[in-house]
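Per-entry structural report
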Amino acid sequence: MAIYKTEHFGIARKIVANMTSQSWEEIPHAVMSYDADVTDLLKEIKKLNEGVTDKSKKISINTVMLKIICEGLKAAPKLNCTLDFNRKLVRGTLYYHDNIDISMPMILHTGEMMTVNMHNMENKSLSEMTAAINDTIRRANNSDMNEVMFEVSMDNTIQGLKKGKILQTLRRLYGSKMPGKHKVNTLSGQKKKSYYAIPKKDRLTKHDIEQGTTTITNIGSVGRNHKGTCFILEIIPPQTSAFCIGAVQRKPWVVTDENGNEKVEVRSVITITCATDHRSIDYGDCIPLVNRLNEIFANPSILQSWK
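The model shown is predicted, which means the values in this text are computed figures rather than measured ones.

A look at the side chain of N218
By the element assignment, N218 lies in strand β6 (residues 214–218). For N218, a relative accessible area of 9% translates into the label buried. At 2.9 Å, the side chain of N218 and the side chain of N62 are in polar contact. Among all residues touching N218, those that are not within four sequence positions of it are N62, I245 and G246.

As C-alpha cells, this is what we get:
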C-alpha cells in the first residue's frame, strides 16, 4: 500500500503514548457505566444562568458534571487515591488525598489537545470552578505547549534518576533531544527569553500539567452529537480512577408518575463511565459514589446551593 504522509510524534503525543502504554501494561482496569436522567438537571442549569449576560460566567453542563463527580469522590475517597505498588515484592500503598485535583483534557484554540490539572476542586462552588477553568484556558492560550510539556518531561526524567532509573532516563533523553526526525524542538535564544518573560500567572507551568488525583474526560463537550457510550478508558498511574462523561442523548426511560405508576418517556440521558484500578479498588468501594450520584440526580435542585 502507498504511504501518502508521515507524521512523527511531538512531545505532547510522546508523553501521552508513554503514559497510556504504562497504564495498560501495569493496571488491571475494572470498568462500569452509570446512566443518569438529566432532564430536570438541565432545567436547573438553565435557572443557574438566568440573568447572566457575561458568557464567561455562565455555568456549563461540563462544570456541573465535574462538580457532581467531585461530590461522588468525597463520598468514595478510595477512588481519589494514588497507588504505589511493587509487583516483585507484592507491596502496595494507597495514599488518600484531601484535595481533588482533576486531570482534565481540553482542546486549545490551536486545535491541540492538552490535559491540565484543575487543582483543589473539592470544595469550589460552581462559579469558582467556572472561573478556574476559564482562567486555565486563558493561560493555556498564552502558552507554548512544547515548552510546558518539556518542563514536565524533564521533571519526570529527574524523578526517574532519583529512583535509579538510569537506563530509562538515557533512552528518553536520546529519544527527545538527539538530532533527527524525532527531536523535540523547544524555544531558544530571544524567543525563549521573551516567552519566559511572560509572568507565570499568565501562562501554564508544569504545576498546571502535573498529574491530578483522578482524570475526568468529557467527550460530550467535544462531540455533542456523539451517539454512544465510552466503554473503556485509561487510568494514568499513580491515579486509581478515571471518568468519562458522555454527550446528552435522548433515550426511552422508565419514570414513575405521581400515582406510583410506571411509564416510558423520552428523557435526556448522560452516561458516566468509571474505570478503577482493580489492584486497589473493588466494586464495593464504588457503591458510595453510586449512591451519592443517585441522590444528586434524584434531587437536581441541589445545584442552586452550589452556585
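Picking up after the structure, the text goes on.
As for helix α4 (residues 126–140)
Spanning 15 residues, α4 covers 21 Å between terminal C-alpha atoms, matching the ideal 21 Å at 1.5 Å per step. For α4, the complete set of buried residues consists of L126, M129, T130, A132, I133, T136, R139 and A140.

Let's talk about the packing of helix α3 (residues 61–75) against helix α10 (residues 283–298)
Relative to each other, α3 and α10 sit at 135°, their axes nearing to 8 Å. Looking at the two axes, α3 sits oblique to α10. Between α3 and α10 lies a crossing whose hand is right-handed. Of α10, the residues touching α3 (which contributes M65, I68, E71, G72, L73 and A75) are P288, L289, R292, L293, I296 and F297.

Focus on the state of the cysteines
What the rule picks out here adds up to 0 disulfides. C274 provides the cysteine sulfur closest to C286, a residue in no disulfide bond, and the two sulfurs are 5.2 Å apart. By relative accessible area, which is 3% here, C286 ends up buried.

A closer look at the pattern of salt bridges
Counted by the stated rule, this structure contains 17 salt bridges. The residue D135 makes a salt bridge to R139 at a minimum N-O spacing of 3.0 Å. Of the two residues, D135 and R139 are both situated in helix α4; the distance of 4 residues between them amounts to about one turn of the helix. Using a relative accessible area of 31% as the deciding quantity, one classes D135 as partly exposed. Taking the shortest distance from any N to any O, the salt bridge between R279 and D277 comes out at 2.8 Å. Residue classification places R279 among the partly exposed residues on the basis of a relative accessible area of 32%. Of the residues examined, D277 reaches a relative accessible area of 0% and is grouped as buried. Through salt bridges with shared partners, a single ionic network connects D37, D40, K43, K263, E265 and R267.

Parameters at a glance
- Residues numbered from 1 in each chain as written.
- Predicted model: local features only at pLDDT ≥ 70, side-chain atom pairs only at ≥ 80, totals over all residues.
- Heavy atoms only, no water.
- Helix = DSSP H or I, 4+ residues; strand = E, 2+ residues; numbered from the N terminus.
- Buried < 20%, exposed > 50% of the residue type's maximum accessible area, 1.4 Å probe, protein only.
- Polar contact = N/O pair within 3.5 Å; in protein donor to acceptor, adjacent residues only side chain to side chain.
- Contact = heavy atoms within 4.5 Å.
- Expected span 1.5 Å × (residues − 1).
- Axes fitted to C-alpha atoms, helices over the stretch in contact; angles between N-to-C directions.
- Parallel < 35°, antiparallel > 145°, perpendicular 65-115°, else oblique.
- Left-handed = near helix turned anticlockwise from the far one by under 90°.
- Disulfide = S-S within 2.5 Å.
- Salt bridge = Lys/Arg side-chain N within 4 Å of Asp/Glu carboxyl O.

Remember that the coordinates give geometry; whether it matters functionally is a separate question.
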